[in-house]
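Observations on chain architecture
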Amino acid sequence: KVLAPRLILVVSDNDEPNKFGRRVGKEGAEELSWVLKRHAKEVRVVEPPGEFKDLREWLTKGGTRSDVEAKR
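All of the points below concern the structure found in this document. (Residues numbered from 1 in each chain as written. Predicted model: local features only at pLDDT ≥ 70, side-chain atom pairs only at ≥ 80, totals over all residues. Heavy atoms only, no water.)

Glancing now at the overall build of the protein chain. Across its full length, the protein chain holds three helices and two strands. Tracing the protein chain from N to C terminus, the helices and strands come up as β-α-β-α-α. Across the 72 residues of the protein chain, 26% fall into the buried class. Partitioning the contacts of the protein chain with sequence separation of at least 6, the portion at a separation of at least 24 is 55%. A total accessible area of about 5,400 Å² is found for the protein chain, and carbon and sulfur atoms account for 53% of it. On the protein chain, the mean spot of the 16 positive side-chain charges and the mean spot of the 13 negative ones are 7 Å from each other. (Helix = DSSP H or I, 4+ residues; strand = E, 2+ residues; numbered from the N terminus. Buried < 20%, exposed > 50% of the residue type's maximum accessible area, 1.4 Å probe, protein only. Contact = heavy atoms within 4.5 Å. Areas by Shrake-Rupley, 256 points an atom, 1.4 Å probe, with all protein chains shown as cover. Lys, Arg positive; Asp, Glu negative; His and termini not counted. Charge placed at Lys NZ, Arg CZ, Asp CG, Glu CD.)

Think of a pair of aromatic rings as described by two things: how far the centres are apart, and how the planes are tilted against each other in angle. Summed over the entire model, instances satisfying the criterion amount to zero aromatic pairs. For the cation-ring pair, K37 lies above W34, with the distance from its terminal atom to the ring centre recorded as 4.2 Å. (Phe/Tyr/Trp six-rings, centres within 6.5 Å; stacked < 30°, edge-to-face > 60°. Lys NZ or Arg CZ within 6 Å of the ring centre and 35° of its normal.)

Listed below in structure tokens is the structure:
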């Protein structure tokens, strides 16, 4: 029997809207979350705080796992 994870966090990019008004990083994260909902009890999309473009930048500038978990 395969056990499903209780929670999956998808961290989107914190990108500016493109010339068409779309935020492709956020949209991609939302699409991925729909796919993952078949495999987990709960899936949430979180964004880094406004001053960070993505998860990598957030973590290299001092973000912690607790910070990410607090965003959910």
